[in-house]
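Residue-level listing of the chains:
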Amino acid sequence: MKSRLALVLALASVVPACVTELGTQRDVHGDGTDPDEVTTALFETTSATTTLSALPRACSTAGTEGISAQLLEEMECLSDGALVRVSHPNIVLTSTRVHPYLSPEGRDALLSVAATRRVEINSALRTIAEQYVLGRGCSVAAAPGRSNHETGRAIDVQNYSSVATYLMRAGFARPLPSSDPVHFEAQGDDLRTTSVLAFQTLWNANHPEDRIGEDGDAGPQTLARLARAPARGFATSGVCASRHAPPPPPPPPPPPPPTGRSCAHSYGGTYGHMACSTSYQCCDGTWRTRANGCGVCTCIESTGETGCR
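Presented here is a report on the structure given in the accompanying data block. (Residues numbered from 1 in each chain as written. Predicted model: local features only at pLDDT ≥ 70, side-chain atom pairs only at ≥ 80, totals over all residues. Heavy atoms only, no water.)

Residues L52, I67, L71, F199 and F234 are the most contacted members of the largest nonpolar core, which totals 27 residues. Counting residues per element, the ones that place at least two in this core are helix 3 (65–78), helix 5 (128–137), helix 7 (192–206) and helix 8 (220–228). Counting residues per element, this core draws most heavily on helix 7, at five residues. If we ignore the near neighbours within four places in the chain, the residues touching L52 are T64, I67, A129, Y132, V133, R136, L226, A227, A229 and A231. L102, I121, A124 and F172 belong to the second largest nonpolar core, which has 19 residues in total. (Core = buried A, V, L, I, M, F, W, Y, C linked by side-chain atoms within 4.5 Å. Buried < 20%, exposed > 50% of the residue type's maximum accessible area, 1.4 Å probe, protein only. Helix = DSSP H or I, 4+ residues; strand = E, 2+ residues; numbered from the N terminus. Contact = heavy atoms within 4.5 Å.)

Put into structure tokens, the structure is as follows:
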């Protein structure tokens, strides 16, 4: 009996990290190993009605490009400057699906390292849609809304052995150096609730008949809609930007009515100042030929008609 209990405890010690992420735990390191051409083929064959739950179960975010682009746009707007894009020739993304977004503090720290050496990033910011797909296909993945990669502070670095010291000197933390040596975290706001809120606002804008709470909580209602979300993206996006867009300028006031005396035509009818008949223009009570008139005709009527005032 004791030997059997010892075996159970030994096996438990090698089980992958819990799917939910409390604090900092090991999460997916990258975005799978499928080549970009396979990803492109999958995305092109994904119909507009394919839901996230209908995508193949794999340790990859392939197929989520459409909805992730919308979620990133929404997160960037909702964060109000707490999430920024990072770019530098020495920052190399190992997949086209790596989103180079960090907190402003993280951006500055990463750029300071990239100024002198190459940093190869396997994973950075993930959308809630990507985290949902990874959770279905990876043995080690945090639940949607729980991943440190939704905070806007985390990066997984492929060449960590050569840049770890410099990243930490720049201000990055390395919370799990032994079990998750590729994972680094910057200072900044935790945007996990913003990640969830981005999906909730998009869902409600596209499903006014089936609204969910916009509270940033990845509860059962939100996760149920996430499973039904279109992998290629919603019909309506940019919700945050439209809500915060400045009101359109008021239309210019109409031009003041022309002043001056009207003209009575000999064939009948009354023409206001600067109004024109077929051949003449009324200029402050005096008829002139159109060629020698007093400006642009305010209106034109055939000789003898009324109402052009």
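Okay, the sheet that holds strand 5 (residues 154–157) next. Read from one edge to the other, the open sheet built from four strands follows the order 2-4-5-6, with strand pairing classed as mixed. Strands at the two margins of the open sheet, each flanked by one partner only, are strand 2 (91–93) and strand 6 (183–185). Averaged over neighbouring strand pairs, the angle between their axes works out to 45° when direction is ignored. Where strand 2 lies against strand 4 (residues 119–123), three bridges are found, and the strand directions are parallel. Bridge assignment links L93 to a residue of strand 4, and that residue is I121. Most of the contacts of helix 6 (residues 160–170) go to strand 6, to which it runs at about 15°, and overall it touches strand 5 and strand 6. (Pairing = 2+ DSSP bridges. Axes fitted to C-alpha atoms, helices over the stretch in contact; angles between N-to-C directions.)

Let's shift gears to the pairing of strand 5. Here strand 5 shows no split at all, with A154 and D156 on one side and I155 and V157 on the other all buried. Inspection of the sheet shows strand 4 paired to strand 5 by two bridges, in the antiparallel sense. From the neighbouring strand, I121 faces strand 5, where its bridge partner is V157. One ladder, built from three bridges, connects strand 5 with strand 6; its direction is antiparallel. Bridge assignment links I155 to a residue of strand 6, and that residue is F184.

That is the geometry; function is a separate question.
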